[in-house]
Each structure stands twice: as C-alpha cells, then as structure tokens.
Amino acid sequence: MFSQINIGSFGSFRDLTWRKDLKNGDNTVQSFKRLNILYGRNYSGKTTLSRIFRALETGRIPPNYLDSTFTVFGDKGDVTQADLIGHCYDVRVYNRDFVSENLSFLVNQANGEIKTFAIVGEKNKEIEDAIAAIQTKLGSVESKVGLLYELAEKMKEWDRTKGIHKTAFDALESKLRSHANDKIKQNRTYGPAVYNIDSIKKDIDSVKKPSFTPLTTEEQATKVNLLKQEALPDIADTVSINLNFSSIQAMAEELLSKSIKPTQAIQELLNEAALQAWVKQGITLHKDKRDTCAFCRQNLPHDTWIILDSHFSKESSNLESSIDSCLTLVNTEIQAITGFLTLTGDKFYVEERVAFEANKKSLSEYLKIYKEDLEALKAALDSRKNSLFQIVPMPAPKHDSAVIQSCAEDINDLIIKSNSRTSSLEKDKDCAREALRLTDVASFIVDIAYETELTRITGLDTDADTAGTAHANAKAEIVKLEADVTNLQSQQKDERKGAKRVNSLLNHFFGHDGIMLEAKDNAEKTAVKFEITRDGKSAYNLSEGECSLIAFCYFIAKLEEPDSKGKELIIYIDDPISSLDGNHIFFMFSLIESLIAKPIAEQNQSVKYKQLFISTHNLDFLKYLKRLSGRGKADGNVQQFLVTKGQGTSTIQPMPDYLKKYITEFNYLFHQIFRCSKAENIDHYPDAFFSFGNNLRKFLEAYLFYKYPSNEDGIKRLSKFLGDDQLAIALTNRLDNELSHLEEAFDRSVKPIEHPEIITLANFLLNKLFEVDKDQYNSLLKSIGEPERT
C-alpha cells in the first residue's frame, strides 16, 4: 500500500512535503490507510492528484507535466517520476484521462471510439479439460509431482554440479592468485610492479610452449648478476640555443646612428650630457610644481618651461622610448644565457661524460664572449639615451654564432649516445627478468600438478553444462505448456461479455435498460467494436449524466479483466458522480459498495482491493462514502483528507472534524464565514473571501428558513433576524447580492474584494448568532474545532 506522497511540482501542486504538511492536531503524521476519502471543491486539485496515480498505472507522465517531480512512498518501495516503469504496484485509476483514453467517443462523438475489453466467458468443457490436463502434467513443487517438481530437482542438480565445479575452479584460482601476488610480485629481483592472476596465466601459456626451456642453476645466477648493474635514466633534455643578437643589433644600430635636433637647443645641455640628463630628470620631478624650484624654493622664470619644451622635443621623446624598448630586449637576451645549458656531467655515462665536460667548458667561454657583446651594446644604448642629440658609434661584436651552435649540436649528439646505452642495458635486463620469472612459474605448476587439476575441472564443467542443458530443456517444455494454457484461457475470453457486464451494471444499479453498450462485429467480422445504443439504435448527444454512468460502469467491469482480476489492486476513483442527481449518486455509492468495498468474507473482513482512494466534490456523496464497508474497528482502516487550493497552489490537509463528523454544507459554510471574521486569514484563505458572497447567501438561506419557516421572502426573514438595524440589513443584503450575483453588477468582478467590509459583516453576523442562540453558536464552533465563546 501507499503511505505518503511528496510533490515537488505537479500541476497546481508545489512543494508538498507530507511529513510537514499532513499533521494532526496532536502533531502526528496522517498517512494513507486502506480506504482513503478525499473531499475538495471543483478546481481544488483532485483530478491533478489522481493523475499522479494514473502515471503509476500507465508508466508515463501526462502531457504538459514534463518537469514534474514527486515521490510516492509504499510498502513495496518508493516510486518517483523517474522510475514509473518496473515498480511493484498494480494501480487502476478512474478519472477524466481514463475516460478520454478508453471512451473517447463520450468526449468526441465524431472521431472517438470505445475500446473493447474482454472478461472470462462461460466455461467450455473441452477447453477446461485441456487446461486441467496441462496443469496436471505441470504439477507443483509442493506436491512433488509433475514437470514443475522435476524442474526444481533439475535446478538442484544444476546448482550442485555448478557448486562442485566452482569449488575446484576457485581453489586452483586461489593458488594461482596467491603465487602471483605473494611470491612473484613480491620478488625484488624479477617481480614486476603489476602482476596478478591474469599475468601468471599468460606466463603459464608461455612455459607450456615447446620452445620454452627453463634456466639451469648457473644460468639463473648469471641473470641475477646482470640485473645488479645500475643504469642511468634517459636524458630527456636537449640543448637548444636561439641567439637573437642579429635582430637586436639591427635595431640598436638604427637607434645609435639616428640624428635628431631640438627645436631650439640649449647649448649648455648639448655640451654637457650629465647636465642634460639631470635637467630631464628634473622636468619629471617638477611636473606638479611648475612655478617653484623644488631644490632652492625660488620662483622659476616665466619662460623656463617654454625653453625646456623647445629643447626636449617629441622626436627626442620617441627616440628615448625606442632605446628603452631595445634595452629591454638586450637585458632579456642576457638573462636567457644562463638557461642555455643546465645539464650536468652526472647525467652521462663515463664514456660520454668527459666529452660533455669539454664541450660544456668551450660553450661557456663562447657564451661569455656573447654576453660581453650584449653588455657593450647595452652600454652604447645607455650612452645614447643620456645624450639623445649625439650619435653613438655601434660597437663591433666579437662572438661567433656558428661556433656556439656547433657546441650545442655536439652536446646533443652526446645525449643520444648516452641514452642508447641505457636502452640496450634495460632490454638485456628485461630479458633476464622474464627468463627468471618463467622458470619460477614452470617450477610452480609442476608442484601443484596444474595439468591434472585443470583436466579434472574441465570434466566438472562438462557435468555442470549437462545439468544446465537438462534444466533448460525442462524449462522450455514448461514455458510451452504455460503458453498453451494462456492461449486456451484467451479462447475463453469474450469481449461481448465485457459489454454485457457493463449493461448489467447499468440496469441493475441504475435502472437504465434503454442505453446499452453493444459489441458489434466489424465489416470483415475479424474483430469486435463497442458501440453505445439507445433502443437498438446508435446513440448520440448523450447527457453528461449518461456519460458519467456509462464511463464508471465501464471502469468497474474492466476491473474483471484477466490483467486485473485476482491481483492486489490499488484503486483510485476521482469524482465519479459529476452531473448526477440524488438517486444516481446513491446508486453510484451502491455500485462501489457492492462490487469494490464490501468484504468478500464478513468473518475476516478481507476485501477485493489492496487500497482504495475515492475523491469527490459532492457533500451528499461524501456522506454516503462514510458508510462504505471495510472500515475496520474504530475506523482504523480509513483516512479522510481535504484537498484545497489557495494562492494558485493546491495542497492536501487532514479533513476537519466538522466534515468528518457532520458532513453537512451548513457546518462548512459556517467555517468559511468564521475564517472571514479574522484579518490574518486574508493571505491564508483567499478563496474564503472571494466566495464570501455565495457562502453568506447560502448560509443565511438555510439558517433563516429553518428559523422562520413561514412563506416569506428573504428580506423579511433577514429583517426579523437583524431587528431594527437597517444599516446592517442594507450592508448584508448588498454584499450578499453583489458578491454572489454578478450578472447585474459585472464590473464588481473586476474590482478588488473589499476585505474590511467582509470582516466587519462576518463579525457582525457571528455576534448576532451568538446573541440569538449561544448554545447553537458554541455547537457550531465545536464542529469546526474552535473553542467555545463565553
């Protein structure tokens, strides 16, 4: 059975957490029981809730609900929207979607149809005898006769032979695994870092080849000595020298030889480079102190900055910037020299180490000269930067780039030679390790009699395969016989019986013998279709009540299909009494009571369903549902809920006591008016405020009629009840009519509800009720779970 449901998002339901939202007054959680009754007004969310259960039946989310999330909790495991297929619950749902899918003719008479279904027809003696003969042949495990018992015995024999084979196989595997992990892998001389049972099996295949010969004792000692030789790791680095002197030299030569002149030269600065540099630095320092000398605190002559700007022109500034860029390149190249060669001699074998050290020394000398050329170039650029208006000669380079590259290539050749020695040594060692390991494996398989044990295991495997084949053949025979039974049973199914069952329900429970569901052959007489007829003719333009009766009788009859009959069904019936009058509502209840709810055996109270859900918007039908059988002692098997909708969101609540105990609309209307007497309920129960006019009118009509049953109109009764308070009479009459009848005041429907007026009138009415009859008023309060008023 299902116990609870959480709904993250599904239609009008949002963020429903059962353990938080479904608590009784004593703070206990109210879960689903065997019989569950749900009441809610139209559009409160009842059908939406039923669609979750129908999704469990069909295995798919309804259209336009694709981003839904929910979890249904039950004793056979929880089900979410992600695993609708494969759960262990047999659910059958009657709701609008069931009607649209199975009886689309009732919704669309032009293109709709009524799907056929079959129930088991009258017994056929020949078919029954054939089924009985097969079932006798099949027998059972419990009776220890028949093919099913033989299959169980063959299964035992198969399990026994598989067990013996597995024991022998696992024992040999254990020996191999132990030697691989504990002996070979742990051997520091020839054990590889990664070696397991698959590795030793490969080695066994290798030693079984005719070409393999194990090592002698002397050969093993020779191989061990070879493994003791140390090998150097490969040198992964190479020497790569890219000299950028040529490009830097070309750039520097252009800057050193470039001739520029100031717009109006200051001869003293031209004659003294240090003075010129000092003045240029001072210009930067006086950027924010243009009128006063920062050194002597004296005012500067008014034309000082004009004279200096004429001397230090834009052309000189651009030249200085270019020199700085070139100096950056020179400094970068100087810094790169230290990274040209980082290798050390200990990386090489002795044969290459001497040559490497010699080449390294020569390369260092050549790079030293290269660095001196860069330093000279740097000094020339600094000189020109300090004397921007004087050309500086380009220093002549002394290094030889070709010699430097030749040294680098010689070192790279030495790296290749050294690495080749390593690869050769490791290859020899790998061969030695493999030979030692295979000799170990060859000795091991002799010690454990590997070949003999392998032959025995192969024989045990053959025995298990033989037993498995016998089991498979026996099972195939049983499957065929069971298929024969299914085929014979299908021959007993009769779609016409399905239609007759629907007609029987219509006639017996509702007295409808004019409207019938007929099973008619198609034109080729190869199939049967269902058609609704009235007095022998095809029926169209059915009333909503007739559609409801046919659809529900169809659902009840369909529960007798072979796919449903005999199973532990969870049945959900959503609002089955739409558009039915009082008599039909009672007959609908009788149908549910007789065919679903009534216990099969009164003495043990066993019922025909595993769990039953029924929802309704009709208080009369709700009253009848209280009488359903199978409720158990002290209603321990029944649970009642209220489905409501507020602020666009539906929710489920424990049913209030006044609905549980009294089942009258009078109590409900009183509760709605009572809610409207408190301002804090505006946000919590907006539907009560919007429905206030209707609720007030219906409550006053019922209350005043029973209080003043004479043949008087409503205004006179209201006047008697309210006395001489004409203002209260006028306000009550206005809110009563304006909020419950919009045809003469349509603009009222597009204006906000006047909450203060409603709250005032609700309190006035409640006070008047208390004043007139305290006992009745307190009884009404008690029925809705509110404390008495003194």
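Above this text you will find the structure in question.
Residues numbered from 1 in each chain as written. Predicted model: local features only at pLDDT ≥ 70, side-chain atom pairs only at ≥ 80, totals over all residues. Heavy atoms only, no water.

**Topic: the environment of Glu-560**
- Within the element layout of this structure, Glu-560 appears in the loop between helix 17 (544-558) and strand 12 (569-574).
- Residues Glu-560 and Gly-498, 62 residues apart in the sequence, show an inter-C-alpha distance of 8.6 Å.
- The residues contacting Glu-560, other than those within four sequence positions of it, are Ile-119, Arg-501 and Lys-565.
- Among the polar contacts listed, one links the side chain of Glu-560 to the side chain of Arg-501, at a separation of 2.8 Å. (Helix = DSSP H or I, 4+ residues; strand = E, 2+ residues; numbered from the N terminus. Contact = heavy atoms within 4.5 Å. Polar contact = N/O pair within 3.5 Å; in protein donor to acceptor, adjacent residues only side chain to side chain.)

**With respect to unusual backbone geometry**
- Here the phi dihedral of Tyr-43 falls at roughly 70°; this positive angle occurs in a residue that is not glycine.
- By the secondary structure assignment, Tyr-43 is in the loop between strand 3 (35-39) and helix 2 (46-58).

**As for the pattern of salt bridges**
- According to the stated counting rule, one finds 24 salt bridges in the structure shown.
- A salt bridge links Arg-456 to Glu-453; the nearest nitrogen and oxygen atoms lie 2.9 Å apart. Linking Arg-456 with Glu-453, this pair stays in helix 15 (residues 450-492), spanning three residues, or about one helical turn.
- With relative accessibility at 44%, the residue Arg-456 sits in the partly exposed group.
- By relative accessible area, which is 21% here, Glu-453 ends up partly exposed.
- A salt bridge links Glu-561 to Lys-558, with the shortest nitrogen-to-oxygen separation between them at 3.0 Å. (Salt bridge = Lys/Arg side-chain N within 4 Å of Asp/Glu carboxyl O. Buried < 20%, exposed > 50% of the residue type's maximum accessible area, 1.4 Å probe, protein only.)

**Some thoughts on the packing of aromatic side chains**
- Under the counting rule described, the total for this entry stands at 31 aromatic pairs.
- Between the aromatic rings of Tyr-572 and Phe-613, the centroid separation amounts to 5.5 Å while the plane-to-plane angle is 15°, which identifies the pairing as stacked. Highlighted residues: Tyr-572 in strand 12 and Phe-613 in strand 13 (residues 611-616), separated in sequence by 41 residues.
- Classification of Phe-613 by relative accessible area gives buried; the value is 1%.
- Three or more aromatic residues link up through ring pairs in this structure, and these residues are Phe-2, Trp-18, Phe-32, Phe-53, Tyr-89, Tyr-572, Phe-613 and Phe-641.
- The cationic tip of Lys-162 hangs over the ring face of Trp-158; the distance from NZ or CZ to the ring centre is 4.0 Å. (Phe/Tyr/Trp six-rings, centres within 6.5 Å; stacked < 30°, edge-to-face > 60°. Lys NZ or Arg CZ within 6 Å of the ring centre and 35° of its normal.)

**Section: the nonpolar core**
- Residues Ile-532 and Ile-573 are the most contacted members of the largest nonpolar core, which totals 59 residues.
- Sort the elements by how many residues they give to this core and helix 17 lands first, with 10 residues.
- Once you skip the residues sitting within four places of it in the chain, Ile-532 turns out to touch Phe-105, Leu-106, Ile-114, Ile-515, Met-516, Leu-517, Lys-537, Ser-538, Ala-539, Leu-542 and Ile-550.
- In terms of nonpolar packing, the next biggest core, distinct from the first, is built from 37 residues, Ile-248, Ile-260, Leu-341 and Ile-415 among them. (Core = buried A, V, L, I, M, F, W, Y, C linked by side-chain atoms within 4.5 Å.)

**Quick word on the pairing of strand 3**
- Extensive coverage of strand 3 is indicated by the burial of five of its five residues.
- Of the two faces of strand 3, the one carrying Leu-35, Ile-37 and Tyr-39 and the one carrying Asn-36 and Leu-38 are both buried.
- As defined by bridge partners, strand 3 adjoins strand 13 across five bridges and the pair is classed as parallel. Opposite Leu-38, over in strand 13, you have Ser-615 as the bridge partner.
- Alignment of strand 3 against strand 14 (residues 638-646), held across five bridges, turns out to be parallel. Looking at the pairing, Ile-37 lines up with Gln-640 of strand 14. (Pairing = 2+ DSSP bridges.)

**Notes on the packing of helix 24 (residues 692-707) against helix 27 (residues 755-772)**
- With their axes 12 Å apart at the nearest point, helix 24 and helix 27 run at an angle of 20° to one another. Between helix 24 and helix 27, the crossing angle belongs to the class labelled roughly parallel. Helix 27 is crossed by helix 24, and the crossing has left-handed handedness. Residue-level contacts link Phe-692, Leu-696, Phe-699, Leu-700, Tyr-703 and Lys-707 of helix 24 to Ile-758, Leu-761, Ala-762, Leu-765, Leu-769 and Val-772 of helix 27.
- Grouping the amino acids of the contact of helix 24 with helix 27 by side-chain chemistry returns 11 nonpolar, no polar and one charged. (Axes fitted to C-alpha atoms, helices over the stretch in contact; angles between N-to-C directions. Parallel < 35°, antiparallel > 145°, perpendicular 65-115°, else oblique. Left-handed = near helix turned anticlockwise from the far one by under 90°. Nonpolar A, V, L, I, M, F, W, Y, C, P; charged D, E, K, R; others polar.)

**Quick look at the sheet that holds strand 11 (residues 537-538)**
- On the basis of which strands lie adjacent, the open sheet formed by three strands has the order 9-10-11 and antiparallel pairing. Each having just a single partner strand, strand 9 (515-521) and strand 11 make up the two edges of the open sheet.
- Looking at chain direction, strand 9 and strand 10 (residues 528-534) are connected through seven bridges and run antiparallel. Along strand 10, the bridge assignment pairs Leu-517 with Ile-532.

**Thoughts on the packing of helix 21 (residues 665-675) against helix 28 (residues 774-783)**
- One can describe the packing of helix 21 onto helix 28 by two numbers: an axis separation of 10 Å at closest approach and a directional angle of 90°. The angle between the axes of helix 21 and helix 28 places the two elements in the roughly perpendicular class. Here helix 21 contributes Phe-666, Asn-667, Phe-670 and Phe-674 to the contact with helix 28, which in turn contributes Tyr-777, Leu-780, Leu-781 and Ser-783.
- Its residues placed into classes, the contact of helix 21 with helix 28 shows six nonpolar, two polar and no charged.

None of the figures reported here should be taken as evidence of function without further support.
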